[in-house]
Amino acid sequence: MKNFKELHPSVLIIYYLICIIVISLLNEPQLVSIACLTMIILLLSYSTLQHVLNELVFIVSLTLLIVIGFLYFYHNGITPMFYLNDLPVTVEVLKYSMFTALLVAFFLLSIQVMIHTLPSNRIIYVFTAFIPTVGVFLALCIRFIPTIKEHYKERVEVQKINGYFATKSRFDRYFATLQLLADSIFWALENTFNKWTLIKTRAFNTSRRTTFKRFSFNGSAYSQLILLLAATITLLFYWDELRFYYFPETKIIEQKSQHLVIILAMVWPLFLELKGRITWFYYKSKM
Amino acid sequence: MKKDFLLVVCIALLIAIFFSGTKIQSVEQYESVTKDTITEETPIVYLSIDARSIKKNEKLLKPELLKYMPSDGVILKKTAYVLRKNDTAFDLLLRATRQNKIQMEYQGATDNSFNSVYVQGINYLYEFSAGSNSGWMYRVNESFPNKGISRYKLKEGDVVALQYTTNLGNDIGGRQ
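In this text the structure is predicted, and so the values were computed from the model without any measurement. (Residues numbered from 1 in each chain as written. Chains lettered and ligands numbered in written order. Predicted model: local features only at pLDDT ≥ 70, side-chain atom pairs only at ≥ 80, totals over all residues. Heavy atoms only, no water.)

*Asks:* Help me out: how do you make sense of the UniProt feature "transmembrane region" (unreviewed entry) in chain A in this one?
*Replies:* Residue and element names in this part refer to chain A. The UniProt record marks residues 7-25, 31-49, 56-74, 94-111, 123-145, 221-239 and 260-283 with the feature "transmembrane region" (unreviewed entry), using the residue numbering of this structure. Counting secondary structure, residues 31-49 comes out at 89% helix and 0% strand; the distance between its end C-alpha atoms is 24 Å. Helix makes up 95% of residues 56-74 and strand makes up 0%, while its end C-alpha atoms are separated by 26 Å. (UniProt positions renumbered as here; feature names shortened; annotations may be inferred. Helix = DSSP H or I, 4+ residues; strand = E, 2+ residues; numbered from the N terminus.)

*Asks:* In this structure, what is going on with the pattern of salt bridges? I would like to understand it.
*Replies:* In a structure, side chains of opposite charge can pair up when their charged atoms sit close to one another. Under the defined criterion, the tally for this structure stands at 17 salt bridges over all chains. Where Glu55 of chain A meets Lys149 of chain A, a salt bridge forms, and the shortest distance between an N and an O atom there is 4.0 Å. Of this pair, Glu55 of chain A sits in helix H3 (residues 49-73) while Lys149 of chain A sits in helix H6 (residues 132-162), and the two are 94 residues apart along the sequence. Residues joined by salt bridges that share partners form a network here, namely Asp86 of chain A together with Lys23 and Arg98 of chain B. (Salt bridge = Lys/Arg side-chain N within 4 Å of Asp/Glu carboxyl O.)

*Asks:* Any chance you could explain the interface of chain A and chain B here in plain terms?
*Replies:* Where interface size is quoted, it is often the accessible area lost as the parts come together. The interface of chain A with chain B comprises 27 residues on the first partner and 26 residues on the second. Taking both sides of the interface into account, the surface hidden between chain A and chain B amounts to around 2200 Å²; carbon and sulfur atoms contribute 55%. The largest per-residue losses of area from chain A upon contact with chain B belong to Tyr83, Asp86 and Phe171 of chain A, which jointly make up 30% of the total buried on that side. In this structure, the connection of chain A to chain B is made through 4 salt bridges. (Contact = heavy atoms within 4.5 Å. Buried area = accessible area lost by both parts, 1.4 Å probe.)

*Asks:* What should I look at first to understand the sheet that holds strand S5 (residues 118-122) of chain B in this one?
*Replies:* By definition, the strands of a sheet pair up through backbone hydrogen bonds, in either a parallel or an antiparallel sense. Residue and element names in this part refer to chain B. Strand order in the open sheet formed by 3 strands is S4-S5-S6, and the pairing between neighbours is antiparallel. Two strands close off the open sheet at either side, each with one partner strand: strand S4 (104-107) and strand S6 (125-126). Inspection of the sheet shows S4 paired to S5 by 4 bridges, in the antiparallel sense. Paired with Tyr106 across the bridge in S5 is Val119. On top of the sheet, helix H4 (residues 89-99) reaches S4 and S5; it is set at about 150° to S4, its chief contact. (Pairing = 2+ DSSP bridges. Axes fitted to C-alpha atoms, helices over the stretch in contact; angles between N-to-C directions.)

*Asks:* When you look at the packing of aromatic side chains in this model, what are you seeing that I'm missing?
*Replies:* A ring pair, where both rings are aromatic, is described by two values, the distance of the centres and the angle of the planes. If you walk through the whole model with that rule in mind, you get 23 aromatic pairs over all chains. Aromatic pair Tyr125 of chain A and Phe215 of chain A: ring centres 5.3 Å apart, planes at 70°, arrangement edge-to-face. Note that Tyr125 of chain A is positioned in helix H5 (residues 120-128) and Phe215 of chain A in the loop between helix H7 (170-201) and helix H8 (219-242), a separation of 90 residues in sequence. Three or more aromatic residues joined by ring pairs make a cluster, and in this case those are Phe70, Tyr74, Tyr96, Phe99, Phe244, Tyr246 and Phe247 of chain A. Looking at Lys78 of chain B, its charged tip hangs above the ring of Tyr46 of chain B, at a distance of 5.1 Å from the centre. One cation-aromatic arrangement involves Arg98 of chain B over Tyr30 of chain B; the distance from NZ or CZ to the ring centre is 4.2 Å. (Phe/Tyr/Trp six-rings, centres within 6.5 Å; stacked < 30°, edge-to-face > 60°. Lys NZ or Arg CZ within 6 Å of the ring centre and 35° of its normal.)

*Asks:* Help me understand the confidence of the model for chain B, please; the structure alone is not making it clear to me.
*Replies:* Detailed conclusions should not be drawn from predicted coordinates in areas where pLDDT is low. In this model, chain B carries an average pLDDT of 87, and 96% of its residues clear a pLDDT of 70 or more. Overall fold confidence for the complex sits at a pTM of 0.80, while the interface term, ipTM, reaches 0.83. (pLDDT = per-residue confidence, 0-100.)

*Asks:* Could you clarify how one ought to interpret the state of the cysteines in this entry?
*Replies:* Linking two cysteines covalently via their sulfur atoms produces the bond known as a disulfide. In this structure the tally under the stated criterion is 0 disulfides over all chains. You can see Cys19 of chain A has no disulfide; the closest cysteine sulfur is in Cys36 of chain A, sitting 11 Å from it. (Disulfide = S-S within 2.5 Å.)

*Asks:* In this structure, what is going on with H5 of chain A? I would like to understand it.
*Replies:* Every α-helical turn comprises 3.6 residues, leaving residues that sit three or four positions apart pointing alike. All names here are of chain A. A large share of H5 lies buried, amounting to 7 of its 9 residues. Where H5 is concerned, the buried positions are Arg122, Ile123, Ile124, Tyr125, Val126, Phe127 and Thr128. Its buried side turned inward, H5 meets helix H1 (9-26), helix H4 (91-117) and H6. (Buried < 20%, exposed > 50% of the residue type's maximum accessible area, 1.4 Å probe, protein only.)

*Asks:* Where do I start with the nonpolar core in this structure?
*Replies:* Ranked by size, the top nonpolar core spans 55 residues in total, and within it Phe4, Tyr16, Met39, Phe106 and Ile262 of chain A carry the most contacts. Those elements that provide at least two residues to this core are H1, helix H2 (29-46), H3, H4, H5, H8 and helix H9 (257-286) of chain A. Contacts of Phe4 of chain A, omitting those with residues within four sequence positions, involve Leu12, Tyr15, Tyr16, Leu42, Tyr46, Thr117, Gln224, Pro269, Leu272 and Glu273 of chain A. Within the second largest apolar cluster, 38 residues are counted, among which are Ile49, Leu76, Trp136 and Val160 of chain B. (Core = buried A, V, L, I, M, F, W, Y, C linked by side-chain atoms within 4.5 Å.)

*Asks:* Even after reading the chapter, I still don't get the side chain of Thr166 of chain B, so can you show me in this structure?
*Replies:* Residues and elements named next belong to chain B. Within the secondary structure, Thr166 is located in the segment after strand S8 (159-165). In terms of polar contacts, Thr166 uses its side chain to reach the side chain of Asn57, at 3.3 Å. A distance of 2.8 Å separates the side chain of Thr166 from the side chain of Asp171, its partner in a polar contact. Thr166 has contacts with Ser53, Ile54, Asn57, Leu60, Ala130, Asn133, Ser134 and Asp171, leaving out every residue within four places of it along the chain. (Polar contact = N/O pair within 3.5 Å; in protein donor to acceptor, adjacent residues only side chain to side chain.)

*Asks:* Is there a simple way to explain unusual backbone geometry in this structure?
*Replies:* With glycine set apart, most residues show a phi of negative sign, and most peptide bonds adopt trans. Following Phe247 of chain A, the chain continues to Pro248 of chain A via a peptide bond in cis, the omega torsion being -10°. For Pro248 of chain A, the position within the fold is in the loop between H8 and H9. Of note, Asn85 of chain A is a non-glycine position whose phi angle comes to about 50°, a positive value. Take Asn85 of chain A: its relative accessible area is 27%, and that puts it in the partly exposed class. The backbone phi angle of Glu142 of chain B is positive, close to 70°, even though this residue is not glycine. With respect to the secondary-structure elements, Glu142 of chain B resides in the loop between strand S7 (135-140) and S8. Accessibility expressed as a relative area gives 63% for Glu142 of chain B, which makes it exposed.

*Asks:* Honestly, the packing of H1 of chain A against H2 of chain A in this entry has me stumped. Any pointers?
*Replies:* Geometrically, a packed helix pair is captured by the angle between its two axes and the distance between the axes. Residue and element names in this part refer to chain A. For the pair H1 and H2, the least separation of the axes is 10 Å and the interaxial angle reads 150°. What the angle tells us is that H1 and H2 run roughly antiparallel. Considering how the two elements wind past one another, H1 and H2 form a crossing that is left-handed. On H2, the residues that touch Tyr15, Tyr16, Ile23 and Leu26 of H1 are Leu31, Val32, Ala35, Thr38 and Met39. (Parallel < 35°, antiparallel > 145°, perpendicular 65-115°, else oblique. Left-handed = near helix turned anticlockwise from the far one by under 90°.)

And the structure:
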């Protein structure tokens, strides 16, 4: 099945990198909204609805905190709503805070999608041919937080059975949770260094090794690469024109043909995913 | 149970501290300020705000800010204000911007290591709006005081000027 997940890992890395760079540099609200939506749909196709909903609850609460924080600390803009300690809270800051919250949501969602589409073995696979050390380093970095999460979940389950949280005091329960979290963080750190040593002892970073080529560049990969190239060229040549600003007066949202190129590059994985699923559906019907 | 009660008290205390230190005003409330009447006996000080340095380097300014730039670069002409007891240069600036409805954003004295207010932007012109060396500086009686704006106590007849620099003060006669 040839869907987005099965593209060459280097294409996936380029995709995530370009999406993050384009959205951060253009500050365009419609682009970030579409990118968030793309990531939610991709996450839904790789994960369960319950997991996605849990993630969304966390992201929405985080974004609300960001919006409140921005209203308190930013005071630029021409349309004051009210004054907080003699400093204006403006409509422009509200819009900017919403954009930033969406940007953070996009980062978090893309990390979630990355965990599903780019496991550490794929990252190592990409870098094996060029710089193995960097590959291992990246894989360990990306796996660091999920490792903590997995270990923490296991520990909590075990300790619950042992009666570690069996106290009426909420403080004691919080303290026990914090202790377990700290243990998991230190365990993950130790695990990372041990894994690095293990990989080195297996002579991973020596040259002249033969590697099994699991992934190849196919039509889907080329189509995604061409679109990403077009998006990069658009960003380089039209950055001044497309750049969105919020202060002092928010720029009016415009629909331009250049936006379409970027949007197409961002949502192309959805088409690939759909194509892959339709193909798989027909394969299954012939089985 | 006792500890849970303690937690509730802690949260309530934090909320109380937050709201006791926060003053919320509507736009009308904020803008309704009474001007001091200047008579022959009242001590006066002067204030001006200008960004003339940008006029020489307009290319440095972000394009969206051009329309907020006065044609001669002067945001507030030299104006006389009544000197109140214990007035600092910042008090004067705050009063003047409020009376003239000029936008200003600043960082409070407790928020930085200089123990003084830091003026971030006036009339939508912010630090770094015209390059990495740009920002607001203040001078009193033609010299640049070596202390923060909210620590400079004013005396009668002082002439305060807020000036925008595009080159760390070198373009307006200040030291680097």
